[in-house]
Amino acid sequence: MSHSTPDTLSELGDTVSDDNEERLRIEASQGGHITRFEFLEGGDWKRIPFRADEWGTSWYVRDRRGESCPVLMSCRPGTLNQFEGVHDDIRFGLSYVVAGGELLVTATLVNEGSKPFAPMTAGLRLGVDSYQTSYPEWNDQLVPNVIRCEASHHWGFAMSPGGMILGWACGAAVASYSINYEPREHRIYTPSIDFLNQSPLPEHHPQHLHSVGPGEARTWTVGVRPISSVEEIKPTLANAADGPIFDAARYTIAPEEEARISIFGPAIESLTVTSPNGSQRVIHPTDQAVGRADYSFGSDCVGHHLFTALTANGKRRKGASLCAGLGFGIWSVLGLKDYGCDPPTLIMPKACIHSLVIFSPENICRMPRWTANAKRFLASVSPSILIVKSGN
C-alpha cells in the first residue's frame, strides 16, 4: 500500500508557482521512497523513473567497515509528506515539499545518544533509477553526469540518453557524493549525497562534516527539479544553490588564444587565477548581468591555471581549471607519429582511432613517410574517416 504527497502545494498551504499552475506530480511510499516524479513539459506529463527498493530515496549510513544500509523510515502520524526513522541512537527525518517547480527534500539528523555519530559516510540516496539493462528501455534511465561539492554548496545532474535532465542543488555544505554501482558490474543503482564523510577529502570539499555530537541536530535541504536543456543546467543550479558555478567554452587553449569564461550565480566579488608558476592575478569581468558574469582569459604560461571565485554572499568556487597548451596541431602530429610507430589492429575498438585528426593531403605530403602510412592504414579500416585541414 502506498499513498501520495499532495500533487500541488496549495494542499500544503502554499502555491505551486506565481500563476498557480501545477508543474510537478510527486508520490511517495509509506517508507518515504519517491515512487512518482512527473513534470509538465510542452503540455505533456513526463515521468522520471525512481527506484522503489533499498536504493530508493532514503537516508543511508555506511559504517567504518564499509557496509552500507538504508535507514528504515515510516510516515509521521497525521502527515503525508514527512517521514522518520531511527538507526542506533540517531533519529533521521525526510520531508517533501513542492515549490516553484522543484521538489524540496529536507533531510534532518538528530543525535539522541551520548557519543558522537561519526560513520564512514551518511547521507541521502536520491533514488533516481540509473540502472540500465537493455535497449531501448535505457533511453529513459537517467545516469549521473556531473556532481560537484564546494566548501559552501553542492550541485549535480543526471541525464538520460533520450535527453531528460534531472538536476539537484543544496545551498549548504555537503561533504561528498557517491555513485552506487552494482558489485562487479558497470551498472549504477542511483547517486547519493554524502552529508557526512570522514577525511581525507579533496581540498575544495568542506573539511568539517565528519561527525555530529551528542544532542546536536543537522538539517540539509536539497532542491530536485527537471531541467529543460543542457544550456540551462548551470544557470538553474547556480540559482538554486545560491553559489557560483564555473563554465567555459573551451577548457584547453592554445598560445595567444583567449578563453571565454562565465560564472553563474550570485554577484562575483573577485575572480583570482593561479598560474602554473605560482603567480596570482585578479581578472575582471567583460560583461555582467543578474546571475552571470563573463570573463576573457589568455596566458602564454603552459600548464594548468586554477580559478577561485568569491561571491558577495561569501560562497566560493575553488579549483576550476583551464590548461594553456602547445597548440592543437602538435597533438595531431604526435598522435599520427604514435600510430605510425604502433598502428592499431582490426580487433581494436573503434574508439582507438576516432580521436585521430588527419591533415589535408597538401599537408601530408610535407610530413614524414610514417604519416602517409598511418593514413593508408586508417583508410583501410574506416574509409569514412574525415580528412580535415590542420588548425593551430
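Everything in this summary refers to the structure shown in the same document. (Residues numbered from 1 in each chain as written. Predicted model: local features only at pLDDT ≥ 70, side-chain atom pairs only at ≥ 80, totals over all residues. Heavy atoms only, no water.)

A count of helical and extended segments in the protein chain gives 5 helices and 26 strands. Sorting the 392 residues of the protein chain into buried and exposed places 46% on the buried side. Intrachain contacts of the protein chain at a sequence separation of at least 6 include 57% that bridge at least 24 residues. Summed over all atoms, the accessible surface of the protein chain reaches about 19,700 Å², with 51% contributed by carbon and sulfur. (Helix = DSSP H or I, 4+ residues; strand = E, 2+ residues; numbered from the N terminus. Buried < 20%, exposed > 50% of the residue type's maximum accessible area, 1.4 Å probe, protein only. Contact = heavy atoms within 4.5 Å. Areas by Shrake-Rupley, 256 points an atom, 1.4 Å probe, with all protein chains shown as cover.)

Ranked by size, the top nonpolar core spans 47 residues in total, and within it Phe37, Ile48, Trp59, Phe92, Leu103, Phe117 and Phe195 carry the most contacts. Considering every element that reaches this core, the biggest residue donor is strand S9 (residues 90–99), with 5 residues. When sequence neighbours within four positions are dropped, the list of residues in contact with isoleucine 48 reads Phe37, Phe39, Val128, Leu142, Met164 and Leu166. Within the second largest apolar cluster, 18 residues are counted, among which are Ile261, Leu271, Ala320 and Ala324. (Core = buried A, V, L, I, M, F, W, Y, C linked by side-chain atoms within 4.5 Å.)

Following the criterion strictly, the structure yields 21 salt bridges and no others. The residue glutamate 38 makes a salt bridge to arginine 25 at a minimum N-O spacing of 3.8 Å. Residue glutamate 38 is found in strand S3 (residues 34–41), and its partner arginine 25 is found in strand S2 (residues 24–29); the two are separated by 13 residues along the sequence. The exposure class assigned to glutamate 38 is buried, which follows from its relative accessible area of 9%. A salt bridge links lysine 234 to aspartate 247, with the nearest nitrogen and oxygen atoms 3.1 Å apart. A residue pair is termed long-range when its members are at least 10 positions apart, and lysine 234 in helix H1 (residues 233–241) and aspartate 247 in strand S18 (residues 245–248) qualify at 13 residues. One continuous salt-bridge network, built from bridges that share partners, spans Arg25, Glu27, Arg36, Glu38 and Arg47. (Salt bridge = Lys/Arg side-chain N within 4 Å of Asp/Glu carboxyl O.)

What follows concerns the pairing of strand S5 (residues 58–62). Judged by how many residues are buried, S5 sits mostly within the fold: 5 of 5 residues are covered. Covered by surrounding structure in S5 are Ser58, Tyr60 and Arg62 together with Trp59 and Val61, the residues of both alternating faces.

A cis amide bond links tyrosine 135 to the next residue, proline 136, at an omega of 5°. With respect to the secondary-structure elements, proline 136 resides in the loop between strand S11 (121–125) and strand S12 (143–149). One non-glycine residue, aspartate 88, lies in positive phi territory at about 55°. Along the chain, aspartate 88 falls in the loop between strand S8 (82–87) and S9. The class of aspartate 88 is exposed, set by a relative accessible area of 66%.

Aromatic ring pairs are defined here through the distance separating the ring centres and the angle between the ring planes. Inspection of the entire model under this criterion finds 13 aromatic pairs. Ring centres of tryptophan 55 and tyrosine 189 lie 4.7 Å apart, and the angle between their planes is 10°; this geometry places the pair in the stacked category. With tryptophan 55 in the loop between strand S4 (44–47) and S5 and tyrosine 189 in strand S16 (residues 188–197), the pair connects residues that are 134 residues apart, well separated along the chain. The burial state of tryptophan 55 is the same as that of tyrosine 189; both residues are buried. Ring centres of phenylalanine 297 and phenylalanine 307 lie 5.1 Å apart, and the angle between their planes is 80°; on these two criteria the pair is classed as edge-to-face. Of the two residues, phenylalanine 297 sits in strand S24 (residues 292–298) while phenylalanine 307 sits in strand S25 (residues 303–311), which places them 10 residues apart along the sequence. The burial state of phenylalanine 297 is the same as that of phenylalanine 307; both residues are buried. Ring pairing ties together the aromatic residues Trp59, Phe92, Phe117, Phe195 and Trp220, which thus form one cluster. Just above the ring of tryptophan 45 sits the side chain of arginine 25; from NZ or CZ to the centre is 3.9 Å. (Phe/Tyr/Trp six-rings, centres within 6.5 Å; stacked < 30°, edge-to-face > 60°. Lys NZ or Arg CZ within 6 Å of the ring centre and 35° of its normal.)

Turning our eyes to something else, we now look at the environment of asparagine 145. Structurally, asparagine 145 can be placed in strand S12. Look at asparagine 145 and you get partly exposed, because its relative accessible area is 44%. The residues contacting asparagine 145, other than those within four sequence positions of it, are Phe157, Ala158 and Met159. Of the polar contacts made by the side chain of asparagine 145, one reaches the backbone oxygen of valine 143; its length is 2.8 Å. (Polar contact = N/O pair within 3.5 Å; in protein donor to acceptor, adjacent residues only side chain to side chain.)

Of all the 9 residues making up S25, 7 are buried; the element is thus mostly covered by neighbouring parts of the structure. Bridge analysis of strand S21 (residues 268–274) against S25 gives 6 bridges, and the strand direction is antiparallel. Each residue of the ladder has a partner; that of threonine 272, found in S25, is threonine 308. Pairing of S25 with strand S26 (residues 316–324), which is carried by 8 bridges, proceeds in the antiparallel orientation. When the bridges of S26 are listed, phenylalanine 307 appears paired with alanine 320. (Pairing = 2+ DSSP bridges.)

Read from one edge to the other, the open sheet built from 5 strands follows the order S6-S5-S11-S16-S15, with strand pairing classed as antiparallel. Only two strands of the sheet have a single neighbouring strand rather than two, namely strand S6 (68–70) and strand S15 (176–181). Across the sheet, the mean angle from the axis of one strand to that of its neighbour is 30°, orientation sign disregarded. Inspection of the sheet shows S5 paired to S11 by 5 bridges, in the antiparallel sense. Note on S11: the bridge partner recorded for arginine 62 is threonine 121. (Axes fitted to C-alpha atoms, helices over the stretch in contact; angles between N-to-C directions.)

So, about the side chain of glutamate 38. Only 3.1 Å separates the side chain of glutamate 38 from the side chain of arginine 36, close enough to count as a polar contact. Side-chain polar atoms of glutamate 38 contact the side chain of arginine 47, separated by 2.9 Å. Discounting chain neighbours no more than four positions away, the residues touching glutamate 38 are Arg23, Leu24, Arg25, Trp45, Lys46 and Arg47.

Interpretation note: all reported values are geometric properties and have no functional meaning in isolation.
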